[in-house]
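Structural features, examined
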Amino acid sequence: MRLDDLVVPDSAACTAALEVAGAYCSPALLNHSVRSYLWAAAHATANGMAFDAELLYVASLLHDIGLVPAFDSHTVPFEEAGGHVAWVFGAAAGWPEERRERVSEVIVRHMWSSVDASEDPEGHLLEYSTSLDISGRRVDSLPERLRAEVLERYPRLGLADEFASCFRDQAARKPDSSAASAVRAGIAERVAANPLGH
């Protein structure tokens, strides 16, 4: 499997999601979001999983938008804030309400410890891919050649330090959030030890 073998949707909504992420995310966070989609698509392809590529792409590109200053919420966890942004994005894209709810749900669920693939394939894939990219969880489930190709095209650019800093900030302000739980569980150390690099 090679990078060019993966399906990358190019609908108007996908193009706009990339533009939004590029406008608000740091280069490291943007590359993380793109890699998250690619790891998810690769995992789905390798395991014969059917998924909604447009929905997953938009969710991947916007899943951490709640960490950036413009959309950071002091009242809800970052994944919920990101889900709200995605819901509004979906409305602007002309998506029906059910699809807007789905993209929000997928983003919220990426912080779950696991998501049942049979009940929510896109939520499962985003949870899988983000944990792989952030902490190296199940990194050997994808071919080494593909990992190298993706990292060459979308380098990490100091993501480890930036991400750990974002989560520590979230934890300090929202001690009951999933980010705070992740900090208490040692996410900074796992990110630093990620075999994908920093």
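The coordinates are above.
Along every chain, residues carry numbers that run from 1 in the direction the sequence is written. Thresholds applied to this predicted model are a pLDDT of at least 70 for local features of residues and 80 or more for the giving and counting of side-chain atom pairs; totals over whole chains, interfaces and linings are not thresholded and use all residues. In computing side-chain properties, one takes all heavy atoms of the structure into account and sets aside hydrogens as well as water.

**Focus: the nonpolar core**
To be explicit about the condition: Put simply, buried Ala, Val, Leu, Ile, Met, Phe, Trp, Tyr and Cys residues joined by side-chain atoms within 4.5 Å make one nonpolar core. Partly exposed describes any residue whose relative accessible area lies between the buried limit of under 20% and the exposed limit of over 50%, with all areas from a 1.4 Å probe on protein chains only and scaled to the type maximum. Think of it this way: any DSSP run of H or I at least four residues long counts as a helix, any run of E at least two long counts as a strand, and we number them from the N terminus. What makes two residues a contact is simply this: any of their non-hydrogen atoms within 4.5 Å.
Counting 57 residues, the largest nonpolar core has Val 58, Phe 163 and Phe 167 as its most contacted members. Here this core gets 11 residues from one element, more than from any other, and that element is helix 2 (residues 27-46). For Phe 163, the residues in contact, after removing those within four places along its chain, are Asp 64, Leu 67, Ile 134, Ile 187 and Val 191.

**Here we look at the side chain of His 63**
Operational definition: Side-chain atoms alone can form a polar contact between residues adjacent in sequence; in general such a contact is a pair of N or O atoms within 3.5 Å, and within protein one must be able to donate a hydrogen while the other accepts it.
Mapped onto the fold, His 63 is located in the loop between helix 3 (53-62) and helix 4 (78-92). Side chain to side chain, His 63 and Asp 64 meet in a polar contact 3.1 Å long. Sequence-distant contacts of His 63, that is, excluding residues within four places in its chain, are made with His 32, Ser 33, Ser 36, Phe 78, Ile 107, His 110, Leu 126 and Thr 130.

**Remarks on the layout of surface pockets**
Just so we agree on the cut-off: The rule is simple: put a 1 Å grid over the protein atoms alone, call a set of points where a 1.4 Å probe fits but cannot get out a cavity, call an open set with protein on both sides within 12 Å along at least five of seven lines a pocket, and count a residue as lining if it has an atom within 4 Å of a point. Grid points are joined across faces, edges and corners, and a volume is the space filled by probe spheres set on the points. Charged residues are taken to be Asp, Glu, Lys and Arg, nonpolar residues to be Ala, Val, Leu, Ile, Met, Phe, Trp, Tyr, Cys and Pro, and polar residues to be all remaining types, Gly included.
For the largest pocket, the calculated volume is near 330 Å³. Along the wall of the largest pocket there are 20 residues; nearest its centre are His 110, Met 111, Ser 131, Ile 187 and Arg 190. When residues of the lining of the largest pocket are traced back to their parent elements, those giving at least two are helix 6 (121-135), helix 8 (159-173), helix 9 (178-184) and helix 10 (187-192). Each residue belonging to the lining of the largest pocket can be placed in one class, and the counts come to seven nonpolar, nine polar and four charged.

**Details of the packing of aromatic side chains**
The criterion, for reference: Here the aromatic set is Phe, Tyr and Trp, taking the six-membered ring for Trp, and pairing holds for ring centres within 6.5 Å; pairs whose planes are under 30 degrees apart are stacked, those over 60 apart are edge-to-face, and all others are tilted. For a lysine, the NZ atom is tested; for an arginine, the CZ atom; a charge sits over a ring if that atom is within 6 Å of the ring centre and within 35 degrees of the ring normal.
For the coordinates displayed, the defined rule picks out four aromatic pairs. Residues Tyr 37 and Tyr 57 carry aromatic rings whose centres are separated by 5.2 Å and whose planes lie at 70° to one another, so their mutual orientation is edge-to-face. Pair noted here: Tyr 37 is in helix 2 and Tyr 57 is in helix 3, with a separation of 20 residues, a long-range link. Exposure class is identical for Tyr 37 and Tyr 57. Each is buried. Among the aromatic residues, those joined into a cluster by ring pairs are Phe 78, Phe 163 and Phe 167. Sitting above the plane of the Trp 87 ring, Arg 100 keeps its charged end 4.8 Å from the centroid.

**Some points on helix 1 (residues 12-24)**
Put simply, the test is: By definition here, a helix of n residues has an expected span of 1.5 Å times n minus one. Comment: arc refers to directions from the helix axis out to C-beta atoms.
In this model helix 1 runs 18 Å from its N-terminal to its C-terminal C-alpha over 13 residues, within 8% of the 18 Å that 1.5 Å per residue would give. Here helix 1 has its buried residues at Ala 13, Cys 14, Ala 17 and Ala 21. Buried residues of helix 1, viewed axially, fall in a sector of 100°; they line one side. Away from its buried face by more than 90 degrees, helix 1 exposes Ala 12, Glu 19 and Ala 23. In this structure, the buried residues of helix 1 make contact with helix 2, helix 3 and helix 4.

**Looking at helix 3**
Within helix 3, nine of the 10 residues are buried, which leaves the element mostly enclosed by the surrounding structure. Ala 53, Leu 55, Leu 56, Tyr 57, Val 58, Ala 59, Ser 60, Leu 61 and Leu 62 are the residues of helix 3 that are buried. Buried residues along helix 3 sit against helix 1, helix 2, helix 4, helix 5 (97-109) and helix 6. Where helix 3 begins, the side chain of Asp 52 points an oxygen toward the backbone nitrogen of Glu 54, at a separation of 3.3 Å.

**Considering unusual backbone geometry**
The backbone of Arg 138 sits at a positive phi, close to 60°, despite the residue not being glycine. Among the secondary structure elements, Arg 138 is positioned in the loop between helix 6 and helix 7 (144-153). Among the residues examined, Arg 138 registers a relative accessible area of 34% and is labelled partly exposed. Phi is positive for Leu 157, which is not a glycine, with a value near 55°. On the secondary structure map, Leu 157 appears in the loop between helix 7 and helix 8.

**Digging into the environment of Arg 184**
Here Arg 184 is to be found in helix 9. Given the relative accessible area of 59%, Arg 184 is considered exposed. Along the sequence, Arg 184 and Arg 168 sit 16 residues apart, while their C-alpha atoms lie 9.5 Å from each other.

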